[in-house]
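What follows is each chain in one-letter form.
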Amino acid sequence: MSRYVLRVLSLAAALGLWQTLTSLHVDLWLRFSQFPTVTDVARAFAARLSGPAYWTDLTDSLTRILSGFLLAAVLGVATGVLVARSRLAEDLLGPILEVIRPIPAIALVPVAILLFPSNEQGIVFITCTAAFFPVLVSTRHAVRALTPVWEEAVRTMGGGRWRILGSVVLPGALPGVFGGLSVGIGVSWICVISAEMISGQYGVGYRTWQDYTVVDYPGVFVGMVTIGVLGWLTSTAVELLGRRLTRWLPRTAYVPAARPPRPARSVKQAAAAAPATAPGGSRPEEARDEHLV
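Residues numbered from 1 in each chain as written. Predicted model: local features only at pLDDT ≥ 70, side-chain atom pairs only at ≥ 80, totals over all residues. Heavy atoms only, no water.

Per-chain confidence: the protein averages 83 in pLDDT, with 85% of residues scoring 70 or above. In this model, residues 286–293 is a region of pLDDT below 50 whose contacts with residues beyond four sequence positions or in other chains number 5 contacts. (pLDDT = per-residue confidence, 0-100. Contact = heavy atoms within 4.5 Å.)

Shown next, in the form of structure tokens:
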């Protein structure tokens, strides 16, 4: 409970600092006088929540991000396993993927406009491309890092290729796969918002850019807060799903540092510290034997 209280206090302190700097129009080097205050953003947020346009933009952005991300998850995991398990697939697909991977997904906006008949399909394509490569790379490394003994054990018990894939490869690679999915969902939000700003007609990114063009700075911050909250919720959902599917893994919990225990005395030290005659009239050797027992 104290950790959650500390997190709430840190967020409240950040908001309080923001409110103080903007309300006092502090202009030391950073121009906080140009920023809207927290209360201005809260009023704009309340006004947006009461209208249908905000919820339409929210639904459109979530539809795009989920469609692109789910498609990227399926294609990324399948391609990563294929490249990691097949030399032929690695030779055929590896060079093409490594050439395309460094290209930023947002740079593919002209390609999406030329390829797809609608902006909606182009935005989903950009979102899928952004999440595809983190999932692909993480899956490929996770599969290659698996212990060969597991596969040999399944073969010894008569398991075939599909049995190895379902019992060893996919379960063993799940931690790495979900690491890539966590990265991919964050990159997807960055690219879908950028694509909406460039070629979208609805969505949180499109609305944020429109507010900027009409100099509605509280509305811009409403869009930024919305993007942050949505990104946090989707990332948390991916992490919780990963923990659920990999609950068989041993996990370490945070334990506060405790005072190390006092080292136990050796037999010789105990014998040296014992009196010449133990209680009850026994000799030191007998006391040592009783200590050992």
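Here the narrative resumes, following the displayed structure.
This paragraph deals with the packing of helix α7 (residues 148–156) against helix α8 (residues 161–199). For the pair α7 and α8, interaxial distance at closest approach is 10 Å and the crossing angle is 135 degrees. Judged by the angle between their axes, α7 and α8 are oblique. The crossing of α7 and α8 is right-handed. Taking contact as the criterion, the partners of Trp150, Glu151, Val154 and Arg155 in α7 are, on α8, Arg163, Ile164 and Val168. Here the residues of the contact of α7 with α8 are counted per class, giving 4 nonpolar, no polar and 3 charged. (Axes fitted to C-alpha atoms, helices over the stretch in contact; angles between N-to-C directions. Helix = DSSP H or I, 4+ residues; strand = E, 2+ residues; numbered from the N terminus. Parallel < 35°, antiparallel > 145°, perpendicular 65-115°, else oblique. Left-handed = near helix turned anticlockwise from the far one by under 90°. Nonpolar A, V, L, I, M, F, W, Y, C, P; charged D, E, K, R; others polar.)

Here the focus is the side chain of Thr37. By secondary structure assignment, the location of Thr37 is in the loop between α1 (2–23) and α2 (38–49). For Thr37, a relative accessible area of 12% translates into the label buried. At a separation of 2.9 Å, a polar atom in the side chain of Thr37 contacts the side chain of Thr39. A polar side-chain atom of Thr37 sits 3.0 Å from a polar atom in the side chain of Asp40. Residues in contact with Thr37, not counting those within four places in the same chain, are Gln19, Thr22 and Ser23. (Buried < 20%, exposed > 50% of the residue type's maximum accessible area, 1.4 Å probe, protein only. Polar contact = N/O pair within 3.5 Å; in protein donor to acceptor, adjacent residues only side chain to side chain.)

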